[in-house]
Amino acid sequence: MPLEEEFNNMIVDMRDDIKKRIAEKFVEYLKENIRFYDLIASETLINSIEIDNDYNVIIDCPYAPYIEYGIPPTKAPVEKIIAWASIKWGLDEKDARNVGWAVRKTIAQRGIEPKPFFRDALNRIRAEIYDYDEIKELAIKKAMEILSKKVKGWKRR
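Everything quoted here is computed from the prediction, not taken from an experiment.

Student: Just checking my understanding: could you explain helix H5 (residues 93-110) for this structure?
Tutor: The end-to-end C-alpha distance of H5 is 25 Å, a good match for the 26 Å that 18 residues give at a rise of 1.5 Å each. Among the residues of H5, those classed as buried are Ala96, Gly100 and Ile107. Projected down its long axis, H5 carries its buried residues within an arc of 40 degrees, all on one side. Away from the buried face of H5 by more than 90 degrees, exposed residues Lys94, Lys105, Gln109 and Arg110 are located. Considering only its buried residues, H5 is in contact with helix H4 (78-89). The backbone nitrogen of Lys94 lies 3.2 Å from a side-chain oxygen of the residue at the head of H5, namely Asp92. Just past H5, the residue Gly111 takes up positive phi, approximately 80 degrees.

Laid out in structure tokens, this is it:
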């Protein structure tokens, strides 16, 4: 294989490796933030995070945007709040119902403050990507692997 073709293949492999590393690190930061903001009641949110074959990070949780951006004062669905309270604090039905109605009243008066688990993780990963040191180190390592294989095969003329 010509050196140019091998080099181009190396670049493609590096790009995929870098995308994979960034996606995995981003998911790690998302999960750290979910724990930091204490967003683990049913584990639906944390378990909804995945990486697809193209290294895109997907959060398949219908209420994730409400957590991320918060909501203005509104009459939230009390049955869902009761179920959440029951899971979050292990309450029996009566106590969960009391807490659920109290939480609904608070949401109706104040809304829900944003908990930017996604934006915080995104800002953190951006700062690391723009640092480039790990990316440069990986590129040099891959290039040296290819060159060392080629140099071993070269004969002096």
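Student: Just checking my understanding: could you explain the side chain of Asn33 for this structure?
Tutor: By the element assignment, Asn33 lies in helix H1 (residues 3-36). When neighbours within four sequence positions are excluded, Asn33 is seen to be in contact with Phe117, Asp120 and Ala121.

What counts, and where the lines are drawn
- Within every chain, residues take consecutive numbers counted from 1 along the sequence as written.
- In keeping with the predicted nature of the model, local features appear solely for residues at pLDDT of at least 70, side-chain atom pairs appear and are counted solely at 80 or more, and the whole-chain, interface and lining totals rest on all residues.
- Heavy atoms from the whole structure form the basis of all side-chain values; hydrogens and water molecules are not counted.
- Helix numbers and strand numbers start at the N terminus; a helix is a DSSP run of H or I with at least 4 residues, a strand a run of E with at least 2.
- How far a helix is expected to stretch is found by multiplying one less than its residue total by 1.5 Å.
- Each residue is assigned to one of three classes by its accessible area relative to the maximum for its type, calculated with a 1.4 Å probe on protein chains only: buried under 20%, partly exposed between the two thresholds, exposed over 50%.
- Relevant arc is that of directions from the helix axis to the C-beta atoms, nothing else.
- Contacts are residue-level and defined by heavy atoms, with any inter-residue pair within 4.5 Å sufficient.
- Think of a polar contact as two N or O atoms within 3.5 Å of one another; within protein, one of them needs to be a possible hydrogen donor and the other a possible acceptor, and neighboring residues in sequence only count if both atoms come from side chains.

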